[in-house]
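Survey of secondary and tertiary structure
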Amino acid sequence: MTTKATTVIDYIVQRIADEGIQHCFGVPGDYAFPVGDAVDRNPNIKWIGCSNELNASYAADGYARARGAAMLSTTYAVGELSAINGVMGAKAERSLVFHVVGMPSYQNQRLRKTMHHTLGDGIFDKFIDISAQAACSHAVINPDNCVIEMERVIAEARRNNQPAYIVVPSDYAQALVTPIELRPLTSQSNETSLKKAVAAITERIKSAKSIVALPAFTISRLGLQKEARAAIEALGCPFATTSMEKSIIDESHPQFAGMYSGVLSAEEARKIVEGAELVLDIGGVSFNDETTMGFSTHLDPARFISIGLNDVRVGDQLFGNVRIADVLAALTKFESNAPRYKRTPEGNPSINGKPSDKITMDALYPRYAKFIRSGDNVVLESGSSSFGVPPLTLPDDVQVHIQMLWGSIGWATGATFGIALADPKRKTILITGEGSHQLTANEIGNMGRFGANPIILCLNNDGYMVERALEPNPDWSYNDLAKWRYADVPHALGCTDWFTARVETLGELDAALKAARESKSGAYIEVIGGRMDMPKGLAFAHTRLKELYGEAV
């Protein structure tokens, strides 16, 4: 491409828009005024103002999960540091966010002026080192390096599917880009390395008596669900998922063996995964404390073939510069002579309880599973809902979003906003608990402002239930919360046309769910639950505190 006469910041914004991004989440600030101005005057991208930078970073993370990439704008120091938790979570769970930060002018930096948002010492690069840790690539942009550095950071962010941190001084932002001719950089497999990797994989597959595939959450981040499914179908082997990969491939697929969660797995799924002679890890499955139900798995690493985003490991052999999409394409051509696995489907627990009964978790989650429809986006908070929903079978073409590794409470409310804007053809459903929700509930006002219109199901069970479950004494005062009137929150924040309800019985819940689905705008249901009534998986976690946190010393 050849750069035309354009300012640095206009170039940055348009180059990010070229990556398929149509919205920029952020909070304005004086050092970042040029960024906001450039977004406002660019017809290809829309400014989405958020209530604070943390919410904006969560929204950008959600947007990137649904769209493939996102843009986040914050101001120097106070803004970027407020956002860093959300950006770091995006790095941990491989969500590509372009974080653009406006900083004090180059002139004032060189003069070492004492400026606001600094430590008053005339040093301006201290925060770059901090924010760069939340990204896989970063650059401080000036007119001369703008084109080259943008291509470098974009290519590296795409290669790793992790955030990029782009810093631009406010005076440089408004200067003209130095013209240069440059083609966008793309990551490609080394053909020799790819052939060797595929040969090593197929050799192991042919010699294995039993195989199971584990498609990782990264498959959905890269939009490779169809390619992963085609490869698994070519192999004919069963596949399983952890809670991080819930519904990554339709659960009605005949080769789906079920969800793997250590000792809480269904017996057939556990035997298939733990008994397989060869485990094909497609994308890098995260066997963390939560997906393994407190490290209750029995897996032999020597049986694994790991297909990473950019390399393949087969035993002690490592093949670098190999892109996962190319490996999957090669595997779809594999001709298997092994018997094709076919699972006998299992249904969800029946809908139980009388209309007058109080709401219990055993009655609640099967209702949620029935309520969720094909084509929905479902966002689960890092709390009780991330234990209650994943064990249930969901309809085909449901996309489930969960932050199981980073696990920052409050993420799901912000992410719901981003996901709803990124994928407006789907209905976005947030299932959260009140403790997490209180951190970021103010973003509901912007959901209404920008027409996101999700369905929010907020469980009110008198405090931080997940915290109560994860310690011996659930009654410490720090697990208590301010007693909000949750059903009143949307209207208080300007969502006057939303359907809202507070439900205490199963009959009230059933009626509210029906009304929420019929609502033309957003919907919000406050669900009253028992203080220590929790899903099976969370109750089990309470029995494995030593495995999770270690022995007291």
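Shown above is the structure to which this text applies.
Residues numbered from 1 in each chain as written. Predicted model: local features only at pLDDT ≥ 70, side-chain atom pairs only at ≥ 80, totals over all residues. Heavy atoms only, no water.

**Side note on the overall build of the chain**
The secondary structure content of the chain amounts to 23 helices and 19 strands. The globule rule puts the C-alpha radius of gyration for 553 residues at 24 Å, and the 24 Å found for the chain is close to it. With the principal axes as the frame, the chain shows a C-alpha extent of 70 × 60 × 55 Å. Within the chain, buried positions represent 59% of all 553 residues. A separation of at least 24 residues holds for 77% of the contacts in the chain among residues at least 6 apart in sequence. In the structure as shown, the chain presents an accessible area of about 22,700 Å², 51% of it carried by carbon and sulfur atoms. (Helix = DSSP H or I, 4+ residues; strand = E, 2+ residues; numbered from the N terminus. Rg over C-alpha atoms; globule rule 2.2 N^0.38 Å. Buried < 20%, exposed > 50% of the residue type's maximum accessible area, 1.4 Å probe, protein only. Contact = heavy atoms within 4.5 Å. Areas by Shrake-Rupley, 256 points an atom, 1.4 Å probe, with all protein chains shown as cover.)

**Here's the deal with the pairing of strand 1 (residues 23-26)**
Going residue by residue along strand 1, you find His23 and Phe25 tucked away on one face and Cys24 and Gly26 tucked away on the opposite face as well. Inspection of the sheet shows strand 1 paired to strand 2 (residues 46-49) by four bridges, in the parallel sense. For phenylalanine 25, the partnering residue across the bridge sits in strand 2 and is isoleucine 48. In this fold, strand 1 hands off to helix 2 (residues 33-41), which returns the chain to strand 2; that crossover is right-handed. Pairing of strand 1 with strand 3 (residues 70-75) involves three bridges; the strand directions are parallel. Bridge assignment links cysteine 24 to a residue of strand 3, and that residue is methionine 71. (Pairing = 2+ DSSP bridges. Right-handed = clockwise from strand over helix to strand, strands pointing away.)

**Some thoughts on the pattern of salt bridges**
If you walk through the whole model with that rule in mind, you get 30 salt bridges. When the shortest N-O distance is used, the salt bridge between lysine 126 and aspartate 121 registers 2.4 Å. Through salt bridges that share partners, Asp462, Arg468, Asp475, Asp480, Lys483 and Arg531 make up one connected network. (Salt bridge = Lys/Arg side-chain N within 4 Å of Asp/Glu carboxyl O.)

**Some points on the packing of helix 9 (residues 191-207) against helix 13 (residues 324-331)**
One way to put it is that helix 9 packs onto helix 13 with a least axis distance of 10 Å and a crossing angle of 50°. Regarding the angle of helix 9 to helix 13, the classification is oblique. Pair helix 9 / helix 13 crosses with right-handed handedness. Facing Leu194, Val198, Ile201 and Ile205 of helix 9, the residues of helix 13 in contact are Asp326, Val327, Ala330 and Leu331. (Axes fitted to C-alpha atoms, helices over the stretch in contact; angles between N-to-C directions. Parallel < 35°, antiparallel > 145°, perpendicular 65-115°, else oblique. Left-handed = near helix turned anticlockwise from the far one by under 90°.)

**Remarks on the sheet that holds strand 17 (residues 455-460)**
As summarised here, the arrangement of the six strands in space is 15-14-16-17-19-18, forming an open sheet in which the pairing is parallel. Each edge of the open sheet is held by one strand with a lone partner, namely strand 15 (399-402) and strand 18 (499-503). Neighbour to neighbour, the strand axes of the sheet diverge by 15° on average, direction disregarded. Packed onto the sheet, helix 14 (residues 361-371) meets strand 16 (428-433), strand 17 and strand 19 (523-528) and runs at close to 175° relative to strand 17. Together, strand 14 (377-380), strand 15 and strand 16 form the strand contacts of helix 16 (residues 411-422), whose direction differs from that of strand 14 by roughly 160°.

**Some points on helix 2**
Buried within helix 2 are the following residues: Pro34, Val35, Gly36, Ala38 and Val39. Packed against the buried residues of helix 2 are helix 1 (8-17), strand 1, strand 2, strand 3, strand 4 (97-103) and helix 8 (170-173).

**So, the sheet that holds strand 6 (residues 164-169)**
The strand order 2-1-3-4-6-5 describes an open sheet built from six strands, whose pairing is parallel. For this open sheet the edge positions go to strand 2 and strand 5 (137-140), each flanked by a neighbour on one side alone. Between one strand axis and the next, the sheet turns through 20° on average, direction left out of account. Looking at chain direction, strand 5 and strand 6 are connected through four bridges and run parallel. Considered in strand 6, the bridge of histidine 138 is made with tyrosine 165. Along the sheet, helix 4 (residues 78-92) makes contact with strand 3, strand 4 and strand 6, crossing strand 3 at roughly 150°. Together, strand 4, strand 5 and strand 6 form the strand contacts of helix 7 (residues 146-160), whose direction differs from that of strand 5 by roughly 165°.

**Observations regarding the side chain of histidine 253**
Of note, histidine 253 is situated in the loop between strand 8 (239-241) and strand 9 (256-259). Given a relative accessible area of 11%, histidine 253 falls into the buried group. Apart from the residues within four sequence positions on either side, histidine 253 is in contact with Arg229, Glu233 and Phe239.

**With respect to the packing of aromatic side chains**
Tallied over the entire structure, the rule returns 11 aromatic pairs. Look at phenylalanine 25 and phenylalanine 417: their rings are 5.9 Å apart centre to centre, the planes differ by 75°, and that puts the pair in the edge-to-face class. You can see phenylalanine 25 sitting in strand 1 and its partner phenylalanine 417 sitting in helix 16, a full 392 residues away along the chain. For the pair phenylalanine 25 and phenylalanine 417, one class covers both residues: buried. With centroids separated by 5.9 Å and ring planes inclined at 85°, the aromatic side chains of phenylalanine 287 and phenylalanine 304 adopt a geometry described as edge-to-face. (Phe/Tyr/Trp six-rings, centres within 6.5 Å; stacked < 30°, edge-to-face > 60°.)

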